[in-house]
Amino acid sequence: MEVKTSLLDNMIGVGDMVLLEPLSEDSFIENLRNRFDHNEIYTYIGSVVISMNPYRALPIYTPEKVEEYRNRNFYELSPHIYALADEAYRSLRDQDKDQCILITGESGAGKTEASKLVMSYVAAVCGKGQEVNKVKEQLLQSNPVLEAFGNAKTVRNDNSSRFGKYMDIEFDFKGDPLGGVISNYLLEKSRVVKQPRGERNFHVFYQLLSGASDDTLKKLKLDRDFSKYNYLSLDSAAVIGLDDAANFRTVKNAMQIVGFMEDEVQSVLQLVAAVLKLGNIEFKPESRSNGTDESRIKDKNDLKEMCELLGIEQSVLERAFSYRTVEAKQEKVSTTLNVAQAYYARDALAKNLYSRLFSWLVTRINESIKAQTKARHKVMGVLDIYGFEIFEDCDNSFEQFIINYCNEKLQQIFIELTLREEQEEYVREGIEWTNIEYFNNAIICDLIENHQNGILAMLDEECLRPGTVTDETFLDKLNTICAGHKHFESRQSKNSKFLTDHSLPHNCFRIQHYAGKVLYRAEGFVDKNNDLLYRDMSQAMYKAKHSLIKQLFPEGNPAKVNLKRPPTAGFQFKASVGTLMRNLQTKNPNYIRCIKPNDKKASHIFTDTLVCHQVRYLGLMENVRVRRAGYAFRQAYEPCLERYKMLCKRTWPHWKGPAREGVEVLMADLQVPADDFSYGRSKIFIRNPRTLFSLEERRRQCLQDLATLIQKIYRGHKCRSHFLLLKKSQIVVSAWYRRYAQEKKYQKIKSATTVVQSYTRGWQARKLLRELKYQKRCEEAVTTIAAFWHGTQVRRDYRKFFRANAGKKIYDFTIQRIMQKYFLGLKSTSPPMSPVDKSWPARPYRFLDGVHAELRKIFHHWRCKKYRSQFTEEKKAVYKEKLEASEIFKDKKALYPSSVSQPFKGDYLEITKNPKYQKLNSSVDAKVLLADVVNKINRANGKGTARIFLLTKKGVVLADQKTGQVKASVPLPDLASVSVSTQNDGFFALKLKEGSASAIKGDFLLSSERLIEIITKLHLTGATAADSERLNIDISDEFLVQFNHDKVCVKFIQGAARNGNGVSCKRKNNRLLEVSVPTTA
Ligand SMILES: Nc1ncnc2c1ncn2[C@@H]1O[C@H](COP(=O)(O)OP(=O)(O)OP(=O)(O)O)[C@@H](O)[C@H]1O
Ligand SMILES: [Mg+2]
């Protein structure tokens, strides 16, 4: 459920001082106290927020609170800093107005905390997303880094900002943060070398020594003990409630998030360490023979370590501590430094080193957080500057003067924009107005910053003047020039009023600031304003190998020696404050006025006098009075009409006519009481915030109604468009469908018509055909009858002439014709010329059977002859052998068919060419007709031995396969016969003639795969040999072979097929060799 509270609900005291009754200083303070006691630390004066420092954590900054204040009207909820932040953010986002949040108050009043609260609120309510969150995180994390280096514990505040900070947060048109820019104002650098009693140096020194690891400290050549460093005051090194070690980790983490590289962090820590080391360098006096005083470094150890840290040559820095070179008109004069000057040079270097490091940090952070896009952006500036400061015991110096001047300027801008501007606006707008008296501090600003006789101008003049310049001469100058000023007080001024004022020492001057009188000691003003760093020092620093140090002292570059004096500190500050003020004036201001309830940094204590003092100098009473006398809200007529025109039927949606008349109509229609507002020249002034709130509430309601209306119309439009689209689509679909259906129907009718038509036509055609056929038959019948009749007539007439031989003649003629046709026909139907072709045309008549068969034979012989006539001599020999083989073996031996396709190559061993058989070849004196390897069957066991088988014209030679040695040589005439089986085996026996020379050893039983070729060739050779008769070839499955003296029967039987070769030969007994031949499939 929505939390619905109001500024007026459950109010403790009065939430808005404008509503305070009766209004007096006492009631004002009482109201603040009452609220403070009830933990209500925020109170409004119109749109200004007064913030009391509670000095303890209150549960009012939770995410739920953020949600509660988000997008709520400023006056809707009880006062809170979130309401102001929300108002500023929404005004920036929705109305495109750049904003600035001005946070003022004295030191310790809670400005820095307030600025962080505003930033965290804006971060919580603005857009989300990975990139946006990163930007937010970087913006928020820049705070711990800057606080570590720029904040310190003072007597007033344990975390006092010692620099001014103005941060511009940039947003895109949606209100998402894009980045930011930080400007820093004059760091109180004197703190680096000396701190007032009870105060500390900048946090970072203590954080580094307490939080860094032993290893890091060793690398930085540091010791954890604070007391070892001259620059660290000891009396308040540890602060209650401040955990330096934990803060060091936070700062390192923050630096990482902001985008510092690891080596950058290390460089920064090295510089911090170098400052500490610098403080430990001490000098002792040494008199020279020429009477001048010189200084010497007491213990060079710290100097050495510092030089090592920064990469500076020790001798260079040592010289810079001993001499000072002054250059004038191309002349260089070196003078020695005495001890005091050496200390001054050391401290100046430390202060410069630290303050330049701080400025570098700001620049580096800016680099990380700057907006990445160049698109136009809206800006919210948050100003958190050091608060107004007054030290007791006349301890205020140049820094306090600068700080207070800055606060004076802020007060001025507050007066400008709220009090004076407000009153002037009423006059300008012609609104009836009773003038309210208020103190305008412009006169004090003028005392300080006037170009001619302002204190800063005089200080600059004094610094730049030739001759002896001291703080006393500066004070004298002030005394002469400012003596008559109402807000300047000095013991030595001509104004006799202060001559006897013992609270005003002679070496001091007093300024009546808007926030009270401050006594400044003139001592140090000239030096601090000069901010002089000897050129020898900056040149020594520039020579460092440490890149960051080099970067910090660019003026030390000998190539860019600039003899012009750098602008003074006061001048620079005045200029940057001037820029800041101009910047602030272009933005819509939002004020947070911080008040400190007590001096003890304690919660629950409300010191009336202290609060009263702040209320007075902050001009809060005048602020309330002006608000009460005037009007809480004003707006130009155009934007006012634009904003509220929807509340009246006559002005909505457009008003034609002047905006003012429109607003008048509007107000009359809304019946706003006439006392509650006034019409100015260009603006309407609304007296009471509640009137405005009620207008806003009505507008919100009306906007809701309008939104509903827009939604309704839009939804109607959307539904209607959708419906029309559906309707249109439906028409298209149905048109297409109808077309399709009609097309289908038409196609169906068309094809039916075609069928009917074709049937009809068919029927008609058939009918016609029948008629025509009948007609034709009739005609044929008539012709036939006529032919027969004519035939009969002719035969009857000629019968007497044909009776004897006409039949034979007709028969012969017919036969002749048939034969003629038959022979001519053969010419075209004769088969191909291949001798193996078996085709032959069918005979046409049975009586041609004999002729037809004879002709086929003749044709076959003729084409065979034709075929043979093409043969070469070699081919003829081959065919002769083949023919011989056929005659011997065809249908007699089963091995024969497989040999038909084998070419009879004869010399399988290539005996003439193969060098292996050269000897064998030479031992044979006739031409080798056949050379092959055969198996010689051993009669003892039937096993075969490989032998070379040679056939020549003269005989057969068997030789050893390996050695080629001749084993047997049989002349052809000694061969009686050859025996082979009828089966599919390669066994053959060479039988020798009894009584011949070769027959002594007996017959040969051999086996060869090429049996057919061997026997054919043997047969042919035997036949051609002139003196031999034809070799007898015996084909039978049982034959006798003569081995030595025995005759052995070789018997071939059919056996089962076995693996491998298949044919096996076994000795059965002394007289029987059995050869088993597998049956062929
Ligand atoms: N809203 C708050 N809630 C709780 N504590 C607060 C609040 N505001 C301030 N404080 C406390 O007061 C201390 C001082 O506040 P802060 O540092 O903001 O003062 P300041 O106005 O910035 O002072 P200076 O001018 O010295 O920088 C803080 O450290 C914190 O302890
Ligand atoms: Mg601060």
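That block above? That's the structure.
This is a predicted model, so every value here is computed, not measured.

Criteria and thresholds
Residues numbered from 1 in each chain as written. Chains lettered and ligands numbered in written order. Predicted model: local features only at pLDDT ≥ 70, side-chain atom pairs only at ≥ 80, totals over all residues. Heavy atoms only, no water. Pairing = 2+ DSSP bridges. Helix = DSSP H or I, 4+ residues; strand = E, 2+ residues; numbered from the N terminus. Axes fitted to C-alpha atoms, helices over the stretch in contact; angles between N-to-C directions. Contact = heavy atoms within 4.5 Å. Buried < 20%, exposed > 50% of the residue type's maximum accessible area, 1.4 Å probe, protein only. Donors = N, O, S within 2.8 Å, 3.2 Å for Na, K, Ca; no water. Near = heavy atom within 4 Å. Polar contact = N/O pair within 3.5 Å; in protein donor to acceptor, adjacent residues only side chain to side chain. Areas by Shrake-Rupley, 256 points an atom, 1.4 Å probe, with all protein chains shown as cover. Nonpolar A, V, L, I, M, F, W, Y, C, P; charged D, E, K, R; others polar. Patch = residues over 30% accessible without salt bridge, like charges linked within 9 Å, V, L, I, M, F, W, Y side chains within 5 Å. Salt bridge = Lys/Arg side-chain N within 4 Å of Asp/Glu carboxyl O. Phe/Tyr/Trp six-rings, centres within 6.5 Å; stacked < 30°, edge-to-face > 60°. Lys NZ or Arg CZ within 6 Å of the ring centre and 35° of its normal. Core = buried A, V, L, I, M, F, W, Y, C linked by side-chain atoms within 4.5 Å.

Caption draft 1: Quick peek at the sheet that holds strand 7 (residues 177–185). As summarised here, the arrangement of the seven strands in space is 1-2-16-3-12-6-7, forming an open sheet in which the pairing is mixed. Edge positions in the open sheet fall to strand 1 (42–45) and strand 7, since each of these has one partner strand only. Looking at each pair of strands side by side, their axes are set apart by 20° on average, direction ignored. In this structure, strand 2 (residues 48–52) lies alongside strand 16 (residues 588–595), joined through four bridges in parallel fashion. Counterpart to I50 in the pairing with strand 16 is R593. Sitting on the sheet, helix 21 (residues 569–585) is in contact with strand 3 (99–104), strand 6 (164–171), strand 7 and strand 12 (378–384), with an inclination near 35° to strand 6.

Caption draft 2: Spatial organisation of unusual backbone geometry. Cis rather than trans, the peptide bond between W652 and P653 has omega equal to 5°. With respect to the helices, strands and loops of the structure, P653 is situated in the loop between helix 24 (637–644) and helix 25 (659–670). Despite not being glycine, N39 shows a phi value in the positive range, around 60°. One can find N39 in the loop between helix 1 (25–37) and strand 1. A positive phi angle is found at D891, which is not glycine, with a value near 65°. With respect to the element layout, D891 can be found in the loop between helix 29 (873–889) and helix 30 (896–900). The class for D891 is exposed, based on a relative accessible area of 77%.

Caption draft 3: Examining the coordination of the magnesium ion (ligand 2) more closely. In this structure, T112 (OG1) and S161 (OG) serve as the protein donors to the magnesium ion (ligand 2), at separations of 1.9 to 2.1 Å. With T112 in helix 4 (residues 111–125) and S161 in strand 5 (residues 160–161), the pair connects residues that are 49 residues apart, well separated along the chain. Each member of the pair, T112 together with S161, is buried.

Caption draft 4: How the structure looks around the site of ligand 1. Near ligand 1, the surroundings consist of 19 residues, among which S107, K111, T112, S160 and S161 are the closest. Here an oxygen atom of ligand 1 and a backbone polar atom of N159 are 3.4 Å apart. S160 is positioned such that a nitrogen or oxygen atom in its side chain is 2.6 Å from an oxygen atom of ligand 1. Contact with the protein chains covers 86% of the free accessible surface of ligand 1, which is 630 Å². Looking at the shell around ligand 1, the elements that each hand over two or more residues are helix 4 and strand 5. Broken down by element, the shell around ligand 1 gets its largest block of residues, three residues, from helix 4. Considered class by class, the residues forming the shell around ligand 1 number five nonpolar, ten polar and four charged.

Caption draft 5: Layout of a nonpolar patch on the surface. There is a patch of nonpolar side chains on the surface, built from V794, Y798 and F801 and spanning about 330 Å² of accessible area. On the secondary structure map, V794 appears in helix 26 (residues 689–802). Take V794: its relative accessible area is 44%, and that puts it in the partly exposed class.

Caption draft 6: The arrangement of the packing of aromatic side chains in detail. Here the structure, examined in full by the defined rule, presents 35 aromatic pairs. Between F474 and F525 the ring centres are 5.7 Å apart and the planes differ by 20°, which places this aromatic pair in the stacked class. Of this pair, F474 sits in helix 17 (residues 471–481) while F525 sits in helix 18 (residues 525–530), and the two are 51 residues apart along the sequence. A relative accessible area of 0% places F525 in the buried class. Ring geometry for F949 against F988: centres 6.2 Å apart, planes inclined by 85°, an arrangement best described as edge-to-face. With F949 in strand 21 (residues 944–952) and F988 in strand 25 (residues 987–992), the pair connects residues that are 39 residues apart, well separated along the chain. F988 carries the same exposure label as F949, and that label is buried. Among the aromatic residues, those joined into a cluster by ring pairs are F398, F401, F474, F488, F509, Y520 and F525. A cation sits over an aromatic face here: R200 above Y206, 3.9 Å from the ring centre. The cationic tip of K882 hangs over the ring face of F904; the distance from NZ or CZ to the ring centre is 3.8 Å.

Caption draft 7: Quick peek at the nonpolar core. Counting residues in each nonpolar core, the largest one holds 187 residues, and the members touching the most others are F28 and F149. Top contributing element to this core by residue count: helix 13 (residues 339–369), with 15 residues. Sequence-distant contacts of F149, defined by excluding residues within four places in its chain, comprise F202, V204, V268, V272, Y354, L357, F358 and L361. Ranked by size, the runner-up nonpolar core spans 30 residues in total, among them L958, L972, V978 and I1012.

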